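Take a look at the letters that make up each chain.
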Amino acid sequence: MTTDKLGIIVNGATGRMGYRQHLVRSLLALRDEGGIPLSDGTRRPIELYLVARNEERLRELAAKHGIDKYTTDLDVALADDDFPVYFDALITRLRVPVIRKAIAAGKAIYTEKPTAESYADALALAEEAEAAAVKNGVVHDKLYLPGLLKLRRLIESGFFGEILSVRGEFGYWVFEGDWQPSQRPSWNYRAEDGGGIVVDMFPHWNYVIENLFGEISSVYAETRTHIPERVDEAGKRYTATADDAAYAIFDLVDGPIVQFNSSWTVRVNRDELVEIHVDGTHGSAVVGLFGAKVQPRNVTPKPTWNPDLRDEHDYAADWIEVPQNDAVDNGFKLQWIEFLRYVLDDGTHDYDFRSGAKGMLLAEAALESNAAGRRVSLAEQGGAK
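These numbers come from a predicted model, not from an experiment.

Parameters at a glance
- Residues numbered from 1 in each chain as written.
- Predicted model: local features only at pLDDT ≥ 70, side-chain atom pairs only at ≥ 80, totals over all residues.
- Heavy atoms only, no water.
- Buried < 20%, exposed > 50% of the residue type's maximum accessible area, 1.4 Å probe, protein only.
- Helix = DSSP H or I, 4+ residues; strand = E, 2+ residues; numbered from the N terminus.
- Right-handed = clockwise from strand over helix to strand, strands pointing away.
- 1 Å grid on protein atoms, 1.4 Å probe; cavity = no way out; pocket = protein on both sides within 12 Å on 5 of 7 lines; lining within 4 Å.
- Points joined across faces, edges and corners; volume = space filled by probe spheres on them.
- Nonpolar A, V, L, I, M, F, W, Y, C, P; charged D, E, K, R; others polar.
- Core = buried A, V, L, I, M, F, W, Y, C linked by side-chain atoms within 4.5 Å.
- Domains from an automatic or database assignment.
- Contact = heavy atoms within 4.5 Å.
- Buried area = accessible area lost by both parts, 1.4 Å probe.
- Salt bridge = Lys/Arg side-chain N within 4 Å of Asp/Glu carboxyl O.

Let us look at the pairing of strand β6 (residues 85–88). Alternating positions in β6 separate into two faces, V85 and F87 on one and Y86 and D88 on the other, with burial throughout. Traced from β6 through helix α4 (residues 95–104) to strand β7 (residues 108–111), the parallel crossover comes out right-handed.

It is worth spelling out empty space enclosed by the protein at this point. On inspection of all chains with the given rule, the structure shows 2 cavities of 30 Å³ or more. By volume, the largest cavity is sized at about 50 Å³. In this structure, the largest cavity is lined by K113, V138, V139, H140, P203, N206, Y207, S355, G356 and G359. Of all the secondary-structure elements, those providing two or more residues to the lining of the largest cavity are α7 (197–212) and α9 (353–372). The residue makeup of the lining of the largest cavity, split by class, is 4 nonpolar, 5 polar and 1 charged.

Y86, F170, F202, V219 and F250 are the most contacted members of the largest nonpolar core, which has 81 residues in total. A total of 10 residues in this core trace back to one element, the largest contributor, which is α7. Three or more residues apiece are contributed to this core by two domains, here domain 1 (6–138) and domain 2 (143–327 + 360–372). In terms of nonpolar packing, the next biggest core, distinct from the first, is built from 31 residues, L50, A52, V139 and W336 among them.

This next bit is on the domain arrangement of the protein chain. Domain boundaries assigned for the protein chain yield domain 1 (6–138) and domain 2 (143–327 + 360–372). Here the C-alpha centre of domain 2 lies 29 Å away from the C-alpha centre of domain 1. Contacts between domain 1 and domain 2 engage 9 residues on the former and 13 residues on the latter. Here domain 1 and domain 2 share an interface that buries about 1,000 Å² over both sides, 63% of which is from carbon and sulfur atoms. By the criterion of area lost to domain 2, the three top residues of domain 1 are R16, K113 and Y119, representing 49% of everything that side buries. Scanning the region where domain 1 abuts domain 2 turns up 2 salt bridges.

Here it is as structure tokens:
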């Protein structure tokens, strides 16, 4: 094992995603395991440099986890040559100018999505990073989840035959914040602060659909702000200006029809918070973040419709659980390993800034579709670039 540590700047370290998923479950876990596992069987140790606005919270967090380096001044961190990797977990509206600073500093950059509030800005960031020859990546964590890994295995094995349709359901009830605190920050529900379920979730659906089923050619979407008023973290009522639900149909260049409902105003009656139902000529699957169950063609029951008689058949019992044959680590951690190995010239990483920009392109097309009341092609939105 080399003792030369790879330094990583974590900006937004005290935030919900920055702390829980990226710091605790990914980077600290890797640090405590001895570092990044490399292809030759060795590990490269890592060192963390935390950045956030609240110095007191930073100090407490650093002390709790045994981290020596922290600051509220990003410029100081970016000037430190011992930390060649920059990670961004800020809210979207702050991301573009900060990533431009990291590009200018010559850092390898890994960021949460979306990379910008517009496709134009996201594409510009990709072009600037390429011109500066800095390695870059965007979080695509859903692809590394156990359920979606099982789905990929089913697709690659030919289980479905021809895939005909895909139906996705995502969401849960996010409390309004009055009689019970909200599970999500209030900026998520203000469009002026970069909020909205389309901007938040459609970049995820883009890479999930693209990597499993095919490239998206067009989208028809309708959005709603079902809860018009919410209560923020300080107990103050505010007008919700961003969409909290979206109902979309995606057409693929060469693939099945895909429908996806995304909502923060739905009460869960499914096995998991995300559920994807895939129907094919030879079989079907229902997949969540962790679980997956299938129904092959040769064991499909023969339903009959009779509104005068109660149907006593247990349809849930007709599905077969897909086993977890291999142990799967945290999805965020797995992608961190892939990106850091890429930084160290020990692997590849497909999910770069251009990939992230495509997610924002889909979000913009969906919002345009809602505004215009029609299907919108991604090429029409600039997707041919």
